[in-house]
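One letter stands for each residue in the lines below.
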Amino acid sequence: VRQRLINTSQSAYPLHIGAGSRDHLDGELQRLAPFAVAVLADQTVLGLHGQTLRRHIPATAVLLSIPPGEVNKNLSTAASLYDALAQAEFGRDGIILAFGGGMTGDLAGFVAATWHRGLPYIQLPTTLEAAVDACIGGKTGVNHASGKNLIGAFHQPAAVIVDLDFLATLPGRDLCAGLAECVKHGSTCDPALLSWLELHADAILARDVGVLEELIDCNCEIKAELIARDEREQGVRVVLNHGHTIGHALEQVLGYELRHGECVALGMVAENAVAERRGWLSRPEAARIRALLERFHLPTRAPGAVDPDLVTAACRADKKKRGGMVQAVLLRGLGSPQRTEVTDDEIRGALTL
Ligand SMILES: NC(=O)c1ccc[n+]([C@@H]2O[C@H](COP(=O)([O-])OP(=O)(O)OC[C@H]3O[C@@H](n4cnc5c(N)ncnc54)[C@H](O)[C@@H]3O)[C@@H](O)[C@H]2O)c1
Ligand SMILES: [Zn+2]
């Protein structure tokens, strides 16, 4: 098991990565000494791994299940969780365990940030998406009808435990969705990671445990370094939004039918097309990223039925907008991200490739 400390302005929290790292949950609970424990998990994860988790939490823990799927990452699911916490008389002396993918982590983190003005929570990610990205950094939230993640709060977890045993049941589709964020980290921050991904693609897809552990550790290291410098996304952390301006818009326009990571793959290809047309990114560089995404079975062409006008409208609803202008993080070469304004015409042009 690998361990790191994630540093933020206010706090530092431990991150444990490895097969069997759930054994560290007991120690974390002892350290944090809550009077009550509530587990939030979606029905799928609870069905697959609920019994295993139960062996690592107090017998009195409250188990709260939520319906799976991004469409349920909303205020009405949060409201039902508040009701259940009230019913259980769950107060500020309790701790929430977010057990699942990024959807569960964002929602449980948001409930933890807001219930009784904030209680501690522990992230127990069970998808690659959550393990390489969502579980650290403290962005929590839910979607609003007008856009993705529009309601939320920054609230850092008290600990993060990535147990690879839980990832063993992950469908191939979800393994690949998480890899999109790894390609994002490589494209924006660490071109050496891109080479590493190309070299280890087969081992990753074959789920070699040692390789997955290294993959998760390396991606968390990249993200942790940005968080330590810019916890609230007022500066360097913004580069992690590469692919997410068009990606989030597509996710919403497609009614959350695709995985977040799949939309990020589409978003990166489209945003790279904008960068290429500006002369910021060379054709071979854009092609290299596209080929790597294809290697990971990710979509690189938006479904034909997508209406570009709906996508540009959704981009305008995004919280990254500034002064009415849509903002995106484009590459000026691999490893050189830059935030910039993008026009509706550029977005439309990139979607019709
Ligand atoms: N807060 C952040 O910084 C951050 C970063 C990246 C992504 N996100 C958010 O994360 C979400 C996407 O994450 P996701 O792809 O993990 O979504 P998800 O939580 O919806 O999980 C995807 C699917 O996998 C299933 N699943 C989870 N673990 C499983 C397991 N071990 N075995 C079998 N099935 C399993 C779930 O039931 C679900 O159907 C989006 O809401 C995105 O906005 C947040
Ligand atoms: Zn993302």
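Preceding this section is the structure that the text describes.
Residues numbered from 1 in each chain as written. Chains lettered and ligands numbered in written order. Predicted model: local features only at pLDDT ≥ 70, side-chain atom pairs only at ≥ 80, totals over all residues. Heavy atoms only, no water.

**So, unusual backbone geometry**
Let me state the cut-off plainly: What counts as a helix is a DSSP run of H or I of at least four residues, what counts as a strand is a run of E of at least two, and both are numbered from the N terminus. We call a residue buried when its accessible area falls under 20% of the maximum for its residue type, exposed when it is over 50%, and partly exposed in between, using a 1.4 Å probe and counting protein chains only.
A positive phi angle is found at Arg-117, which is not glycine, with a value near 60 degrees. Tracing the sequence through the fold places Arg-117 in the loop between α4 (102–114) and β6 (121–125). Positive phi, normally seen in glycine, also occurs at Tyr-256, with a value near 60 degrees. Note on placement: Tyr-256 falls in the loop between α10 (244–253) and α11 (260–277). The buried category is assigned to Tyr-256, whose relative accessible area is 17%.

**Remarks on the packing of aromatic side chains**
Where we set the bar: Pairing of aromatic side chains requires ring centres within 6.5 Å, counting the rings of Phe and Tyr and the six-membered ring of Trp. Pairs whose planes differ by under 30 degrees are stacked, by over 60 edge-to-face, and all others tilted. Only Lys NZ and Arg CZ are tested; either one counts as a charge over a ring when it is within 6 Å of the ring centre and within 35 degrees of the ring normal.
Within this structure, the stated rule accounts for two aromatic pairs. Between Phe-99 and Phe-166 the ring centres are 5.0 Å apart and the planes differ by 75 degrees, which places this aromatic pair in the edge-to-face class. Here Phe-99 is found in strand β5 (residues 94–100), whereas its partner Phe-166 is found in helix α6 (residues 164–167), with 67 residues between them in sequence. A relative accessible area of 0% places Phe-99 in the buried class. Here the guanidinium or amino end of Arg-332 rests over the ring plane of Trp-280, the centre of that ring lying 3.9 Å away.

**Concerning the side chain of Lys-184**
The criterion, for reference: Only heavy atoms enter the contact rule, under which two residues are in contact if any of them lie within 4.5 Å.
Summarising the element assignment, Lys-184 is placed in helix α7 (residues 172–189). Not counting residues within four places of it along the chain, the set of residues in contact with Lys-184 comprises Asp-133, Leu-240, His-242, His-244 and Met-268.

**Considerations on the nonpolar core**
Across soluble globular proteins, nonpolar side chains show a tendency to be buried alongside one another. Applied cut-off: Nonpolar cores are built from buried Ala, Val, Leu, Ile, Met, Phe, Trp, Tyr and Cys residues. Side-chain atoms within 4.5 Å join them into one set.
Of all hydrophobic cores here, the largest spans 68 residues; its most connected members are Leu-197 and Ile-216. With nine residues, the top contributor of residues to this core is α11. Leave out the neighbours within four places in its chain, and Ile-216 touches Ile-17, Leu-128, Ala-131, Val-132, Val-162, Leu-164 and Leu-167.

**Side note on the coordination of the zinc ion (ligand 2)**
To be explicit about the condition: For Na, K and Ca the donor cutoff is 3.2 Å, while for all other metals N, O and S atoms must lie within 2.8 Å; water is not among the atoms, so some sites may look incomplete.
In this structure, Glu-181 (OE), His-244 (NE2) and His-260 (NE2) serve as the protein donors to the zinc ion (ligand 2), at separations of 2.0 to 2.1 Å. If you list the donors of the zinc ion (ligand 2) from N- to C-terminus, the spacing comes out as E-x62-H-x15-H. Here His-260 lies in helix α11 and His-244 lies in helix α10, a separation of 16 residues in the sequence. Exposure class is identical for His-244 and His-260. Each is buried.

**Description of the side chain of Thr-140**
Where we set the bar: Pairs of N or O atoms are called polar contacts if they sit within 3.5 Å, as long as, within protein, a hydrogen donor faces a hydrogen acceptor (for residues adjacent in sequence, only side-chain-to-side-chain pairs).
Note that Thr-140 resides in strand β7 (residues 139–144). Residue classification places Thr-140 among the buried residues on the basis of a relative accessible area of 8%. There is a polar contact of 2.8 Å between the side chain of Thr-140 and the backbone oxygen of Ala-153. Here Thr-140 is in contact with Asp-106, Gly-109, Phe-110, Ala-113, Tyr-121, Ile-151, Gly-152, Ala-153 and His-155, once residues within four sequence places are set aside.

**Digging into the site of ligand 1**
To keep it simple, the criterion reads: Only heavy atoms are used to decide nearness, and a residue is near a molecule or strand if one of them lies within 4 Å of it. Surface accessibility follows the Shrake-Rupley procedure with a 1.4 Å probe radius. Residue values consider only the protein chains on display as shielding. Residue classes follow a fixed rule: Ala, Val, Leu, Ile, Met, Phe, Trp, Tyr, Cys and Pro count as nonpolar, while Asp, Glu, Lys and Arg count as charged, and any other residue, Gly among them, counts as polar.
Close to ligand 1 lie 30 residues; Asp-42, Glu-70, Thr-126, Thr-127 and Thr-169 are nearest. Within the contact set of ligand 1, an oxygen atom lies 2.7 Å away from a side-chain nitrogen or oxygen of Asp-42. One of the side-chain nitrogen or oxygen atoms of Thr-126 is found 2.7 Å away from a nitrogen atom of ligand 1. Against a free-state accessible area of 860 Å², the protein chains account for coverage of 93% of ligand 1. Elements with a minimum of two residues in the shell around ligand 1: α2 (43–54), α4, α5 (128–134), β8 (147–154) and α7. For the shell around ligand 1, a count of residues per class yields eight nonpolar, ten polar and twelve charged.

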